[in-house]
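One-letter residues, chain by chain:
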Amino acid sequence: MIVPTPTPDLTVDAFTRAFLRELNFGQGVELSASSVNDQYLALARTVRQYLMSRWLETQHRQRESQAKSVAYLSAEFLLGRQLDNALLCTGLEEIADEALRGLDIDLSELRDAEIEPGLGNGGLGRLAACFIDSLSTMSVPSIGYGIRYEYGIFRQTFVDGHQVEQPDTWLELGSPWEFPHPEAAVTVGFGGQTESYTEDGEQRSRWTPAWSVLGMPYNYMVPGYHNGRVSTLRLWSARATRAFDLQIFNSGHYADAVRAQTFAENISKVLYPEDSTPQGKELRLQQQYFFVACSLRNFIEDVLPADFDLHRLPERVMFQLNDTHPVIAVPELMRILVDEKGFGWDEAWEVTQQCFAYTCHTLLPEALEVWPVELLGRLLPRHLEIIYRINDDFLAQVRATYPRDELKARRMSIIAEHPERAVRMAYLATVAGAKVNGVAELHSQLLRDKVLDEFATLWPEKFTNVTNGVTPRRFLRLANPELSRLITDAIGGGWVTDLERLRELEPFVDDPEFTRRFRDVKRRNKLRLAGVLEKRDGLTVDPDSLLDVMVKRLHEYKRQMLKLLHVVTLYDRVTSGELPIEELAPRTIVFGAKAAPGYKMAKDIIWLINSVAATVNADPRVEGRLKVLFPANYNVTLAEKLIPAADLSEQISLAGKEASGTGNMKFALNGALTIGTDDGANVEIRQLVGDENFFLFGLTEPEVTTVVDKGYRPAAYYEANESLRRALDMIASGTFSHGDRHAFEPIVSNLLYQDRFLVLADYQAYLDAQERVDEAYGDEEAWTRSAILNVARTGFFSSDRSIHDYLGRIWGAGPVH
Ligand code: 26V
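Residues numbered from 1 in each chain as written. Predicted model: local features only at pLDDT ≥ 70, side-chain atom pairs only at ≥ 80, totals over all residues. Heavy atoms only, no water.

1. What about the nonpolar core?
Side chains that are nonpolar tend, in soluble globular proteins, to be buried together.
Point 1. Counting 147 residues, the largest nonpolar core has Phe290 and Trp811 as its most contacted members.
Point 2. The leading source of residues in this core is helix 9 (residues 282-303), at 10 residues.
Point 3. Leave out the neighbours within four places in its chain, and Trp811 touches Lys68, Val70, Leu135, Met318, Gln320, Ile803 and Tyr806. (Core = buried A, V, L, I, M, F, W, Y, C linked by side-chain atoms within 4.5 Å. Buried < 20%, exposed > 50% of the residue type's maximum accessible area, 1.4 Å probe, protein only. Helix = DSSP H or I, 4+ residues; strand = E, 2+ residues; numbered from the N terminus. Contact = heavy atoms within 4.5 Å.)

2. Some details on the pattern of salt bridges
Point 1. Taken as a whole, this structure holds 58 salt bridges when the rule is applied.
Point 2. Glu374 is the partner of Arg378 in a salt bridge, and the nearest nitrogen-oxygen pair spans 2.9 Å. With Arg378 and Glu374 both in helix 13 (residues 373-379) and 4 residues apart, the pair spans about one turn of that helix.
Point 3. The exposure class of Arg378 is partly exposed, given its relative accessible area of 42%.
Point 4. Two residues, Asp544 and Arg523, come together in a salt bridge whose shortest N-O distance is 2.3 Å. Of the two residues, Asp544 sits in the loop between helix 21 (512-537) and strand 20 (546-551) while Arg523 sits in helix 21, which places them 21 residues apart along the sequence. (Salt bridge = Lys/Arg side-chain N within 4 Å of Asp/Glu carboxyl O.)

3. Notes on the sheet that holds strand 21 (residues 587-592)
Point 1. Pairing within the open sheet is parallel, and its 6 strands lie in the order 22-21-20-23-24-25. Both edges of this open sheet fall to strand 22 (626-629) and strand 25 (695-696), since each of them pairs with a single strand only.
Point 2. Relative to strand 23 (residues 648-651), strand 20 is paired through 2 bridges, and the arrangement is parallel. Directly across from Val549, in strand 23, lies its bridge partner Ser649.
Point 3. Contacting strand 20, strand 21, strand 22 and strand 23, helix 22 (residues 560-575) crosses the sheet at an angle of about 150° to strand 21.
Point 4. With respect to the sheet, helix 23 (residues 600-618) is in contact with strand 21 and strand 22, its orientation differing from that of strand 22 by roughly 145°. (Pairing = 2+ DSSP bridges. Axes fitted to C-alpha atoms, helices over the stretch in contact; angles between N-to-C directions.)

4. Section: the packing of aromatic side chains
Point 1. Applying the stated criterion across every chain, the model contains 27 aromatic pairs.
Point 2. Taking the centre distance of 5.6 Å and the plane angle of 80° together, the rings of Phe190 and Tyr289 count as edge-to-face. Here Phe190, found in strand 8 (residues 186-190), pairs with Tyr289, found in helix 9; they are 99 residues apart in sequence, far enough to count as distant.
Point 3. A relative accessible area of 1% places Tyr289 in the buried class.
Point 4. Plain terms: the ring middles of Trp607 and Phe744 are 4.7 Å apart, the flat faces sit at 55° to each other, and that makes the pair tilted. Separated by 137 residues along the polypeptide, Trp607 in helix 23 and Phe744 in the loop between helix 29 (722-732) and helix 30 (745-753) bring together distant segments of the chain. (Phe/Tyr/Trp six-rings, centres within 6.5 Å; stacked < 30°, edge-to-face > 60°.)

5. Details of the site of the ligand
Point 1. Every one of the 18 residues lining the ligand counts as a neighbour, but Glu274, His361, Asn468, Glu658 and Gly661 are closest to it.
Point 2. His361 is positioned with one of its side-chain polar atoms (N or O) 2.6 Å from an oxygen atom of the ligand.
Point 3. Side-chain polar atom of Tyr557 to an oxygen atom of the ligand: 3.3 Å apart, as the coordinates give it.
Point 4. Ranked by residue count, the leading element in the shell around the ligand is helix 6 (residues 123-137), at 3 residues.
Point 5. Within the shell around the ligand, the residues separate by chemical class into 6 nonpolar, 7 polar and 5 charged. (Near = heavy atom within 4 Å. Polar contact = N/O pair within 3.5 Å; in protein donor to acceptor, adjacent residues only side chain to side chain. Nonpolar A, V, L, I, M, F, W, Y, C, P; charged D, E, K, R; others polar.)

6. Focus: the environment of Arg111
Point 1. Take Arg111: it is sitting in helix 5 (residues 107-113).
Point 2. By relative accessible area, Arg111 is classed as buried at 19%.
Point 3. Expressed as a C-alpha distance, the spacing of Arg111 and Leu83, which sit 28 residues apart in the sequence, is 6.7 Å.
Point 4. With sequence-adjacent residues up to four places away left out, Arg111 is seen in contact with Arg81, Leu83, Asp84, Leu87 and Glu93.

7. Focus on the sheet that holds strand 15 (residues 370-372)
Point 1. Spatially, the 3 strands line up as an open sheet ordered 15-17-16, and their pairing is antiparallel. At either margin of the open sheet sits one strand with a lone partner, and together these are strand 15 and strand 16 (415-416).
Point 2. Across 2 bridges, strand 16 lies against strand 17 (residues 422-424) in antiparallel orientation. By the bridge assignment, Ile415 is partnered in strand 17 with Val423.
Point 3. Strand contacts of helix 16 (residues 425-432): strand 15 and strand 17, with the helix running at about 50° to strand 17, the strand carrying the most contacts.

Below, the structure written as structure tokens:
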């Protein structure tokens with residue numbers, strides 16, 4: 001018995017008592033005087049009680065078993081709300097509902113009181129959250145390591161159609177899901193000097209940092225689904241060290257001391273809201289080193305037994321690098337082993353190479369992180385030395401393999417020389433990692449053939465693929481309870497942890513009762529969404545129209561502009577009289593997207609979407625047929641309502657640019673049909689659901705390369721295509737800007753004279769595909785059939801399957817039961 005105090009019973013009575021105790025003794029209020037927030041906090045703490053013994057036991061077992069752990073290092077974990085998932089995993093949903101009803105409290109109101117921890121930008125951070133869910137549910141010894149940002153991704157508001165960012169104060173009303181451990185804080189150094197000295201005839205190095213900060217761990221529970229396990233996510237928060245401020249304090253500079261504290265605490269203050277163009281900001285490098293140094297220390301000193309022989313570290317851990325953000329962990333482990341533990345360089349490198357694996361999440365060259373040597377050397381001088389040594393050894397190997405090819409050595413060097421001397425973090429990760437993987441078949445192929453081609457030739461066995469996945473707990477079972485019930489009624493409940501079993505739904509496409517219920521579920525999900533958008537944004541949704549959804553970060557390569565040109569073309573066709581209004585199949589188009597605050601073009605596109613929406617929605621000529629909605633602040637919570645309601649999923653990035661996509665998987669699993677390009681995981685979705693259940697369009701990746709190589713001239717498409725010309729002219733001439741011709745000029749001229757992502761080249765193909773959509777939607781039975789087949793055939797995209805692949809192909813670890 002690890003926990004002497006018993007967990008409350010799984011009964012309404014016991015739950016009620018535990019809840020009231022939390023309300024009275026935890027929150028210090030009586031029921032009649034309690035606010036919704038009091039009740040929410042008390043409820044969260046009550047549910048926590050049911051997870052606690054499992055959590056402690058999981059940690060205990062993990063230690064005892066001495067099994068290999070997966071340590072998932074990620075600068076982002078986009079968790080979403082915790083309460084619903086905790087209720088689900090503990091099997092408390094009904095008990096809690098009944099207990100609260102007995103107290104005249106509405107559980108759904110308390111669910112809605114939770115502010116989601118938005119500690120991520122988009123796909124990469126959400127993937128990390130899905131992966132720790134799967135690791136826990138699959139009983140794999142694991143720990144997530146990241147940063148407890150005080151401000152997560154900004155809250156987006158619109159002012160006159162423009163994006164305005166507000167701080168995300170997610171901690172303000174209390175955070176019942178975290179467990180701070182100030183006593184376990186670790187010190188992290190920055191700056192200063194290195195010196196070499198000789199010890200027992202050996203050359204060694206010593207790093208004396210100039211300043212340091214404390215990393216305080218906050219632990220979060222990661223409940224497994226119905227498996228009695230709760231894993232840990234450990235997020236680090238930066239604090240000033242005592243020495244730091246005492247020194248200044250004693251010298252009488254009180255204000256300086258306080259400033260120093262603020263300076264230290266800035267490190268975990270805010271999540272960088274960029275997700276494609278690294279800014280090379282010093283604070284960001286500080287964040288990266290901060291969390292990684294804390295995490296390695298924590299794993300080595302606290303997770304492993306005290307006397308552990310670090311030569312055997314690869315038997316006990318694989319550090320998975322979620323993109324390049326944590327790659328500074330590589331020289332940090334080398335530093336620990338060589339400088340602190342007295343390892344020889346070669347034996348340290350041997351260990352290090354087996355303990356890291358690297359996942360790349362992009363193909364855009366501008367998204368690959370590089371750190372100027374000047375900056376890295378100033379902040380982490382010892383790490384820079386280590387990186388140089390790693391590079392020297394590596395280049396010696398390259399030169400030995402390819403003698404007389406100095407250009408190759410220069411191309412592959414971890415240190416770039418132009419435009420300034422800088423460390424290429426993806427190259428460092430590739431050289432150090434035991435494995436390198438892309439996140440969808442096509443992406444991994446392009447990594448091998450393009451981005452990292454010379455590395456893939458040198459070490460073909462290093463490269464592998466693991467196609468992304470999403471957790472069926474959150475994105476099906478929780479987000480779509482009605483569909484879940486229907487599925488369970490048809491095939492039993494096992495699918496929640498064995499998603500390939502959705503295949504068993506296939507025969508039901510011919511069952512009229514099932515298909516009727518399936519349609520009903522979709523309609524009720526639309527009504528539920530309508531309620532949410534009404535309350536949240538004052539928007540109205542017609543549940544009988546085709547719900548066409550494009551939600552994802554705003555980026556030119558994702559091509560929100562292509563979708564918008566479709567909208568403008570439909571609007572033009574009706575208002576010009578070309579298309580009689582009765583022939584326009586009713587559609588509601590929903591956008592959700594945040595733009596990086598410094599990304600001017602993306603922000604202009606947001607303004608244009610809002611402007612088109614305002615014009616279209618106010619025009620009686622298209623009323624009831626065409627509507628454009630753009631609820632602000634798209635986040636995980638809204639995704640959970642939008643995705644189950646969608647009929648059509650927009651996955652229209654330029655082929656070869658979207659590494660995988662994970663929204664695409666969530667939509668298909670919830671019975672939306674995809675209109676998409678041959679990009680990222682769309683390729684695999686289409687292969688699985690079948691061409692007849694997917695609207696494919698657009699240039700393929702090799703075709704894109706050909707078009708670009710031949711010298712792409714977007715204006716030629718404008719000149720040759722009348723409806724495209726009309727659409728762009730409408731935007732340019734002020735139809736959506738009260739006659740102002742300047743407003744959207746940057747967008748229009750970018751499309752006409754640059755169009756890096758071939759929007760105009762794919763325009764006609766996209767319109768044609770949308771016509772096929774309208775036609776297909778007109779046949780309700782056939783559409784429902786396709787929707788059901790999308791659900792039945794996409795079980796592959798469970799993150800449980802992704803984790804299974806990582807275990808076999810990369811981690812060499814497994815579950816401990
Ligand atoms: C880059 C940077 C650059 C510095 C500023 C902060 C920052 C944050 C993130 C990134 C990397 C962006 C890469 C990314 O999010 N990739 C997405 O990963 C998803 C999960 O694998 C995948 O589904 C998406 O296709 C891919 O765009």
